[in-house]
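What the coordinates show
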Amino acid sequence: MPWFTGICALWFVVLAQNFSVGSAKKNVFPAQSFNQRTGLKTDCLEGYMRLTVDKSLAFGSLVEFDAMNGSQIEPITPSLASQCGFSIDSDPWGNYRVFASFLNCFAENEDDHLFDINMRVRVRGVKAEQDVFHVEKTCTHDKWAPREIVCNRNYMEVSVNRLPGEITAMHRQPKVAQSKAKGENQWADTVSEAITSRNNIWRMVFFTPKQKAMVLEDALRAGYGVTTTKSRLVLRSGFDMPETYVENVNGIPMKMIKVTTYFKRQWSVTMLDTIAACPIGGLSFTDEMITWYFPRVSPLMTSPEANILGMFMGIDGSQIDSAQMATRGYVLTIEGNNIVMKIPIGGPDGYYKSHAVDNQYNIRYYIEPMLQLLWSEGGMDSTRYRVIFPIMTPFMPRPPQFVDLTDADKRMFDVVLGPFLYDVELVNLTFPTGVLTLAEANLRGFNIQEQRFQNGSKAFRLQVPFSDSFVGKTQTDLLLTVYSLQLVYGFMIFPESTSFSYVEKVDVTLQDVTLPTVGGSCDEEKFYITISYGNLGKNFNIMLGKRELTSGLSAEYNLKENVSHVSLMVPFLASDVAFELMYPSSLRARLDVLLWEPVNKWTLSDFSLACNFPMTMTECFSNGSMSALAVKVESVPQLNPSQLTLRDQSCRPKFSNDRFAYFSYDANSCGTTRKFYDGVMMYQNEIVLGNGPPVYQKGKTALPLDPEYRVTVSCFYTLNDTQTIAFFTKPRENEPLPETGFGELHVELRLALDGSYNNFYAAEDYPVVQYLRSPLFFEVVLLKSTDPQIELVLESCWATLKEDRISTPRWDLIVDGCVNLADNYETVFHPVNPGVVPYPSHVKRFEVKMFAFVQDGVMLQDQIYVHCNAVLCDANQNDGICKRQCPSPLPLNTGKKVRRDTTTDQNQKAQLSTGKILLSAS
């Protein structure tokens, strides 16, 4: 594609990106040679006037130009510019230059010496209003050569002297002679008759190189500029006109136009030949130098012996002298058949411009040299030839350099991308999960800086915190995190608004993982586990014992979580708890907690918590019966508790499951032995693995299961005293010996929300408010006992006005195990059916009506407290209160946290009380 293609588009309208100029009203300003206020400057150069519009006026605005002649005002379009002698360009900084030929269609010409050029500049900002500037410039020029040829950016112009003595005459022959002289009137055969135009131009013949004739009006309509002055004929053509053609001259392509113009007078026709030739090639480039070859002998010369009178170089339409050329490294010489101009790339008279080619960053160097030749042929007429030749180098790839300045200790990505030229702007950043403008990025906490360098280039520095959600985080090892910044820089080249992008990724590996931690504690009933997330969040799975923590288990274990941790409560009898050791009154249990990362199968934390939990293992009753609980510990993994027996293998468990076996037997049965000491009698038996089903192994004799499991049960009796003394197992040889301990029972009085007895008031719910005569549902329950032979019996219950259980006034609700018959609203016992609770004999339920204490018809206070005394009885006992014969003075066994023995003092009773119960006033 020729270099001039697109040049004549002229970039008349430029919208810059960040700056706007406009006003609320229309303003008109006259322009002087240079006007600091308006930003306009005019210069008279050789053959044309130059108007410069400073970027301070044009940047960010819509700028348009009009040609003027008196009242005639015409917008300068690309077609009008090439036809009438105007050329407009702009640079990347927003400056405009308009070149107007002295011989343009609108100039006022006085004797081809004085030229008045009028123009109008219209600047439209972001608002609809516009500023209008009038430009008036008078230039003088009297150094016309007989033939002037100009090659401009967007047109070719040739003007020749048309004075009568300088135009070849062709006198018209008589019509008779014409008809007889065949072939002597070829011009008459070329064009048809037409009306003579002003200035006597009759016809024009274009050579393409074939002949093509037009009358003047057709040539003007076609887009050619044809004018005459007092002494000259001016012909102007755009480079892309149909009648132009390309001719190769000494290896250099040149655009040509050849025209013969016929002037008609009354008795004669004269003709004038005009020719223009402009180079469209002849360039060669190295990394450092532009070389422009121009044919020394051109089609404009009728003789190869033409005498070159002068050869000059210029920049931007202005001639420069030899000293300036030497300073800037320019060379203009004749080498053989060519004129050679050498221009260093990167010199101050040109500029670099950014381009995006296939989304890759490139630059070009732009410069506009001028070559001016003056020659004569045959010592007579001279020709001045001026070529203004915009040059742009081929694309020069300049991939930007990406520099990673990230300091991991600051936890901030810090990267620099560059260099770029002045005309490149960073407009957005694209991440895998979104796009941000620069304003949005800075508001988000990024730091984006444009760094400029002394040579005019610039780079972009970007800082992004590791903590931003646009930063990718990948855990590559148990303690290592890879932070990834993957982004696409979105750039725009102005003023063309050409976009391109650059992709980059930065990875930083840090040993900054804080693993989740597990902690825990125990009370008498449960494990309390707390799991802190660390800095990874809850990105792990939890195993309790050998099971994964599911949603169902989470609900069962009352799992709660927040942004920093998760907590759960696991009863010590839960199936996920392992039993380690048995003691006489407690059980050592362990909960294993494993945290693991499911993707890479990494173990993040392995935690175990072992605690001793109160639990009655052996009970000795005053009626001579005994009970024992055997537990499957983890050291005997294959044990089936249902296969355990006492010494007498016919004495099997009263109850068993996969973890427990409960035995209840008389002291004189099941192989129990008895020994006497000083005042003490000892009953002793053993729980052993009985004759369960054998284990068969292929090719071997059947083997019994785990014969080493053995639990010794002992009861020591003294006069009027029964105590649980010793309880131990015979462990495997690699297990520690068990410790001797004592167990305790717990009895609790609680108030139910309703008669279903499914939900109860907690301590923090008191005081409880109830309406008068509304039912109050009480439950007394024995906790932590699995002995079905134990029966809980209510000895007495009463209500007081104050919290002190022995205070007055007092009202009896249950007396000696029976309801108070003196109460108008009798206490109602509710039966506890089998299947409702594990051990119905361990629970008593009763109902009373809400009341208040009244004295002399006046309510003393709107509150009551309820108290009870409970005793524990053997289910087979037939005496006293244990038989529900009212009253009975001797309970078998009593109390909250009471050891079973035969004493009956007050301290052995379970003394139970509720919190405050308020009477509702409404």
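Keep in mind that what you see is a predicted model, and the values were worked out from it rather than measured.

Attention now goes to the overall build of the protein. Looking only at helices and strands, the protein features eight helices and 75 strands. Counting every position in the protein, which comprises 922 residues, the buried fraction comes to 50%. In the protein, once contacts between residues fewer than 6 apart in sequence are set aside, the share between residues at least 24 apart is 63%. On the protein, roughly 44200 Å² of surface is accessible, and the fraction owed to carbon and sulfur atoms is 51%.

Working definition: two side chains of opposite charge can pair if their charged atoms are close together. For the structure shown, the criterion picks out 39 salt bridges. As a salt-bridge pair, Arg 97 and Asp 89 come within 2.9 Å of each other at their nearest N and O atoms. Residue classification places Arg 97 among the buried residues on the basis of a relative accessible area of 17%. For Glu 243, the salt bridge is made with Lys 212, and the minimal N-O distance between the two is 2.6 Å. On the criterion of sequence distance, the pair formed by Glu 243 in the loop between strand S18 (232-238) and strand S19 (245-249) and Lys 212 in strand S16 (residues 211-215) is long-range, its members being 31 residues apart. With a relative accessible area of 3%, Glu 243 lands in the buried category. The exposure class of Lys 212 is partly exposed, given its relative accessible area of 39%. Linked by salt bridges that have partners in common, Asp 89, Arg 97, Arg 153, Asp 316 and Glu 368 make up one network.

Further remarks concern the sheet that holds strand S68 (residues 828-830). Strands in a sheet are paired, the pairing made by backbone hydrogen bonds, and the direction either parallel or antiparallel. The strand order S62-S64-S69-S68 describes an open sheet built from four strands, whose pairing is antiparallel. Of all the strands in the sheet, just strand S62 (746-752) and S68 have a single pairing partner and so form its edges. The sheet shows a mean angle of 25° between the axes of neighbouring strands, direction not considered. Of the strand pairs in this sheet, S68 and strand S69 (residues 843-849) are connected by three bridges, and their pairing is antiparallel. In the sheet register, Val 828 faces S69, and the bridge partner there is Glu 847.

Before going further, it helps to spend a moment on the confidence of the model for the protein. The share of residues in the protein with pLDDT of 70 or more is 82%, and the mean pLDDT across the chain is 82. Ignoring residues within four places in sequence, the model shows residues 887-908, a span with pLDDT below 50, making 68 contacts including any to other chains.

The bond known as a disulfide is covalent and runs between the sulfur atoms of two cysteines. Applying the stated criterion across every chain yields a total of seven disulfides. Across the disulfide, Cys 620 is cross-linked to Cys 715 (sulfur-sulfur distance 1.7 Å). In this structure, the disulfide formed by Cys 620 and Cys 715 twists by about -85° around the S-S bond and is classed as left-handed. With Cys 620 in strand S52 (residues 618-620) and Cys 715 in strand S59 (residues 710-718), this pair connects stretches of sequence that are 95 residues apart. Just as Cys 620 is buried, Cys 715 falls in that class too.

What follows covers the sheet that holds strand S26 (residues 331-335). Within the open sheet, the four strands sit side by side as S22-S23-S27-S26. Their pairing is antiparallel. One side of each edge strand has no neighbouring strand; the edge strands of this open sheet are strand S22 (283-285) and S26. Taking each pair of neighbouring strands and ignoring which way they run, the sheet shows an average axis angle of 20°.

Let us look at the environment of Gly 281. Here Gly 281 shows up in the loop between strand S21 (268-279) and S22. Measuring from C-alpha to C-alpha, the distance between Gly 281 and Met 254 comes to 7.3 Å, with 27 residues separating the pair along the chain.

Inspection of the secondary structure assignment puts Thr 261 in strand S20 (residues 252-264). When its relative accessible area of 1% is taken as the criterion, Thr 261 is described as buried. Apart from residues no more than four positions distant in its own chain, Thr 261 is found in contact with Ile 201, Arg 203, Met 204, Leu 233, Thr 270, Met 271 and Leu 272.

Overall, the coordinates contain 35 aromatic pairs when judged by the stated rule. Ring geometry for Trp 93 versus Tyr 422: centroids 4.7 Å apart, planes at 20°, classification stacked. Taken together, the positions of Trp 93 in the loop between strand S7 (86-90) and strand S8 (96-101) and Tyr 422 in the loop between strand S35 (412-420) and strand S36 (424-431) put the pair 329 residues apart, joining distant regions of the chain. With relative accessibility at 33%, the residue Trp 93 sits in the partly exposed group. Take Tyr 422: its relative accessible area is 19%, and that puts it in the buried class. On the basis of an interplanar angle of 5° and a centroid distance of 4.5 Å, the ring pair of Phe 572 and Phe 613 is categorised as stacked. In this pair, Phe 572 is assigned in the loop between strand S48 (565-571) and strand S49 (578-583) and Phe 613 in strand S51 (residues 602-614), connecting sequence segments 41 residues apart. In this pair, the class of Phe 572 matches that of Phe 613, namely buried. In this structure an aromatic cluster arises from ring pairing among Tyr 361, Phe 420, Phe 460, Tyr 489, Phe 491, Phe 500 and Tyr 502. One cation-aromatic arrangement involves Arg 153 over Phe 99; the distance from NZ or CZ to the ring centre is 3.8 Å. Residue placement shows Arg 236 over the ring face of Tyr 155; its charged tip is 5.8 Å from the ring centre.

About the thresholds
- Residues numbered from 1 in each chain as written.
- Predicted model: local features only at pLDDT ≥ 70, side-chain atom pairs only at ≥ 80, totals over all residues.
- Heavy atoms only, no water.
- Helix = DSSP H or I, 4+ residues; strand = E, 2+ residues; numbered from the N terminus.
- Buried < 20%, exposed > 50% of the residue type's maximum accessible area, 1.4 Å probe, protein only.
- Contact = heavy atoms within 4.5 Å.
- Areas by Shrake-Rupley, 256 points an atom, 1.4 Å probe, with all protein chains shown as cover.
- Salt bridge = Lys/Arg side-chain N within 4 Å of Asp/Glu carboxyl O.
- Pairing = 2+ DSSP bridges.
- Axes fitted to C-alpha atoms, helices over the stretch in contact; angles between N-to-C directions.
- pLDDT = per-residue confidence, 0-100.
- Disulfide = S-S within 2.5 Å.
- Phe/Tyr/Trp six-rings, centres within 6.5 Å; stacked < 30°, edge-to-face > 60°.
- Lys NZ or Arg CZ within 6 Å of the ring centre and 35° of its normal.

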